[in-house]
Structure formats: C-alpha cells, structure tokens
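Given next are the chains, with one letter for each unit.
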Amino acid sequence: MAFLRIWLLLLSFVLVAPGSRSQGARSLQKCHSYLQTEFKYGEHYLYFDWLQFQWHLKELQTLYPKFLSIETIGYAGQYPLYKVKTTGATSRQRRLRVLVTAGTHGTEPVGVASALDLLERYGRDKSFRDKVELVVFPALNPWGLSRFSRRNQQGVDINRSFLDGQESENSRLLMKDLSGESFDLALDLHGARSFYEHFLIRGAADGGLAENSIRAISKKDRLDSETGEYPGSFGGYTLFNEGVSESSNMGTMKSYAFDQLRIPYAYTFEYPGKVNPRQTHRLNFRLVMSMINHLL
Ligand SMILES: [Zn+2]
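Residues numbered from 1 in each chain as written. Predicted model: local features only at pLDDT ≥ 70, side-chain atom pairs only at ≥ 80, totals over all residues. Heavy atoms only, no water.

**Section: the overall build of the protein chain**
Line of reasoning, step 1. Along the backbone of the protein chain there are 9 helices and 12 strands.
Line of reasoning, step 2. Considering only residue pairs separated by 6 or more positions, the protein chain has 70% of its internal contacts joining residues 24 or more positions apart.
Line of reasoning, step 3. Of the roughly 14200 Å² that the protein chain leaves accessible, carbon and sulfur atoms contribute 52%. (Helix = DSSP H or I, 4+ residues; strand = E, 2+ residues; numbered from the N terminus. Contact = heavy atoms within 4.5 Å. Areas by Shrake-Rupley, 256 points an atom, 1.4 Å probe, with all protein chains shown as cover.)

And the structure:
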C-alpha cells in the first residue's frame, strides 16, 4: 500500500510538471511575440522580461559603478523593488531633478527599457550628468513583468493605487520612499496596447511643455483626436493637441506626483502597443529625452 502511495505521488509529479512547463513556455512565447524583437543595450540585443531586466540592471551597475547607485526599497511578494539614483556629477550648477517610474503594468516593458536607456545615457554622457539628476524606479511591478500581467500579485492595478486607503504593496513602498522629496519633472512610462500612436497625459496645463516635447516625433506618430479638432477626444482621453491629453483616472502615479508631491511637471507617457516595439522603443526614448531637454 505504501509503495502504491509513493508510486502515485511520483506519477502526480510527472503529470503536473510538464503542464506547468508548457504554461511557462506559453507565457514566454506570448511575451516574445508581443515584443517581436529585441532591445539594444551597449553591444547586446535582447528581448525583455523580469530576468532580462535584472540582467541589464546589473550590467549597467558593472559598466557605470561611479554613476549609478542601486538600492532596494522593499519587496513586493518575493520580488525586490529597485531604486536607482545617479551619482558622481562634478558640476556645481543646479541640476534638473527628474523622477522616473516604469513597469507599473507588467505588459508594458518598452517603458522599462527606456528607463534603463536613460540610466545608460547618464553613465555614458558627461554633459548630461552635469545637467540632470535622476531617481529611477525602473520596474514597479516585478511580478507582472515576470508573468506578462498588467496587475500585481494581488490582482491590483498599481496605477489606481496611489491613493490613501487604497494602496497596493507596490505603491505603499514607493510613496513611503518618496515622501518629502521634491523634483522638477516626473515621468511615468506606460504603453497603451490598443493604440497605434504615442501620447502624453499631463497633470494640468503646462505652458506648452508636452506639446513642444512631443514634436520630437513626427505627426503620424502622435495621437489625433477623433475629429482632428482640439480640444477633442480619443478612446476616453481628452486631447488638447496632437498627442497631448489629460485623464480623470484616480490614483495614478502621475496624479500622485502632481497633486501630492507637487511636482510642477508630471506626465504619463503612453507608447503604442500596436506598433513594432523596436520602433516604438526608439520613439519612446526620444520623447523622454525631448521633454528633459526642453527643461534644461
Ligand atoms: Zn500602463
């Protein structure tokens, strides 16, 4: 009898194990087909998930140990939430202080890649280091990034949880860490899966910063309103100009940055999920640099 029980136990492992492997393989395949292609860091071309992200972050730390300081602000489940601060600038002039968050939705890895690009730029470019100080949370939803899930481990949309009483474990750690900090600019990097063009969501009227910044990409890549007139709308967003919108969603990182941290310029960046990610990534990063350069 004991022998039979052990045999059944072994059989159940054999039956379960291939199933879980094929599920893992399927989600990896889903991730591959979504990204279609790989991203470039230095000499490396690689596609992107949580493991690749960690690999790239360590690579950046190895490449630029003097300029990047990586810490963990806490754990969401078993996963670390990383914070990267820039260091080692030699200039005495006042630098633009920029807060960057990405990977809040695990299905939007291009934003994570752009956040890492920005750190790479800082490490490589002395003139950039002299003008800018960065605080970057490159992957706010590691569980989601590792499983290609929009939500976190508890099924919460983190980008609706930056509200008192409605925090997720991810947003709680971030808000605790940022409490009392001040920044000149906040960029929260996202993607919109059903869109073909880029757009920015601003905190409020911004003196034309978003409008001027988004001109770094061509008109065909900026989101139009349904009628082509402004103000107008598209997909539930109010558009004030091509690719410049506001949103009434509560509890977003952008609204926390704008309303609670009082960061004067706070934006959600949305890249189009329907476009080849290699091209999208390039334009997404160009937009990030364009907005920073407009404030320098
Ligand atoms: Zn998003």
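That was the structure; now back to the text.
**Observations regarding the packing of helix H2 (residues 50–63) against helix H3 (residues 109–124)**
Line of reasoning, step 1. Direction vectors running N to C along H2 and H3 enclose 5°, while the axes themselves pass 11 Å from each other. Classified by the angle their axes make, H2 and H3 are roughly parallel. Judged by residue contacts, Phe53, His56, Leu57 and Leu60 of H2 engage Val112, Leu116, Leu119 and Glu120 from H3.
Line of reasoning, step 2. Its residues assigned to classes, the contact of H2 with H3 comprises 6 nonpolar, 1 polar and 1 charged. (Axes fitted to C-alpha atoms, helices over the stretch in contact; angles between N-to-C directions. Parallel < 35°, antiparallel > 145°, perpendicular 65-115°, else oblique. Nonpolar A, V, L, I, M, F, W, Y, C, P; charged D, E, K, R; others polar.)

**A closer look at the pattern of salt bridges**
Line of reasoning, step 1. Counted by the stated rule, this structure contains 15 salt bridges.
Line of reasoning, step 2. Among the salt bridges present, the one from Glu181 reaches Arg97, with a minimum N-O distance of 2.8 Å. Of this pair, Glu181 sits in the loop between helix H6 (169–178) and strand E7 (185–192) while Arg97 sits in strand E5 (residues 96–102); the two residues are 84 residues apart in sequence, bridging distant segments of the chain.
Line of reasoning, step 3. Classification of Glu181 by relative accessible area gives partly exposed; the value is 24%. (Salt bridge = Lys/Arg side-chain N within 4 Å of Asp/Glu carboxyl O. Buried < 20%, exposed > 50% of the residue type's maximum accessible area, 1.4 Å probe, protein only.)

**Overview of the packing of aromatic side chains**
In this description, an aromatic ring pair is defined by two values, namely the gap between the centres and the angle between the planes.
Line of reasoning, step 1. Enumeration over the complete set of coordinates arrives at 9 aromatic pairs.
Line of reasoning, step 2. Summarising the aromatic geometry, the rings of Phe53 and Tyr82 are spaced 6.1 Å apart at their centres and angled 50° between planes, so their arrangement reads as tilted. You can see Phe53 sitting in helix H2 and its partner Tyr82 sitting in strand E4 (residues 79–86), a full 29 residues away along the chain.
Line of reasoning, step 3. Each residue in the set Trp50, Phe53, Tyr79 and Tyr82 is aromatic and connected to the rest through ring pairs, giving one cluster.
Line of reasoning, step 4. One cation-aromatic arrangement involves Arg129 over Phe67; the distance from NZ or CZ to the ring centre is 3.7 Å. (Phe/Tyr/Trp six-rings, centres within 6.5 Å; stacked < 30°, edge-to-face > 60°. Lys NZ or Arg CZ within 6 Å of the ring centre and 35° of its normal.)

**Section: the sheet that holds strand E6 (residues 132–137)**
Line of reasoning, step 1. Taken in spatial order, the 10 strands make up an open sheet running E3-E4-E6-E5-E7-E12-E8-E11-E10-E9, and their pairing is mixed. Each edge of the open sheet is held by one strand with a lone partner, namely strand E3 (68–76) and strand E9 (232–234). Each neighbouring strand pair of the sheet contributes to a mean axis angle of 30°, computed without reference to strand direction.
Line of reasoning, step 2. Here strand E8 (residues 199–202) pairs with strand E12 (residues 265–272) via 4 bridges, running antiparallel. When the sheet's bridge partners are listed, Ile201 is paired in E12 with Thr268.
Line of reasoning, step 3. Across the sheet, H3 is in contact with E3, E4, E5, E6, E7 and E12; its angle to E6 comes to roughly 145°.
Line of reasoning, step 4. Each of E5, E6, E7, E8 and E12 touches helix H9 (residues 277–295); the most contacted strand, E12, lies at about 160° to it. (Pairing = 2+ DSSP bridges.)

**Remarks on unusual backbone geometry**
Line of reasoning, step 1. Tyr230 connects to Pro231 through a cis peptide bond whose omega is -5°.
Line of reasoning, step 2. Its location among the elements puts Pro231 in the loop between helix H7 (209–214) and E9.
Line of reasoning, step 3. In this structure, Phe148 takes a positive phi of about 55° despite not being glycine.
Line of reasoning, step 4. With respect to the helices and strands, Phe148 occurs in the loop between helix H5 (142–147) and H6.
Line of reasoning, step 5. Despite not being glycine, Arg262 shows a phi value in the positive range, around 60°.
Line of reasoning, step 6. Structurally, the position occupied by Arg262 is in the loop between helix H8 (253–260) and E12.
Line of reasoning, step 7. Using a relative accessible area of 66% as the deciding quantity, one classes Arg262 as exposed.

**Some thoughts on the coordination of the zinc ion**
Line of reasoning, step 1. Those protein atoms acting as donors to the zinc ion are His105 (ND1), Glu108 (OE), Glu108 (OE) and His190 (ND1), and they sit at 2.0 to 2.6 Å.
Line of reasoning, step 2. Between the 4 donor atoms coordinating the zinc ion, the angles at the centre fall across 55 to 152°, so the site counts as irregular.
Line of reasoning, step 3. When the donor residues of the zinc ion are listed from N- to C-terminus, their spacing reads H-x2-E-x81-H. (Donors = N, O, S within 2.8 Å, 3.2 Å for Na, K, Ca; no water. Tetrahedral: all angles 85-135°; square planar, octahedral: opposite > 155°, others 65-115°.)

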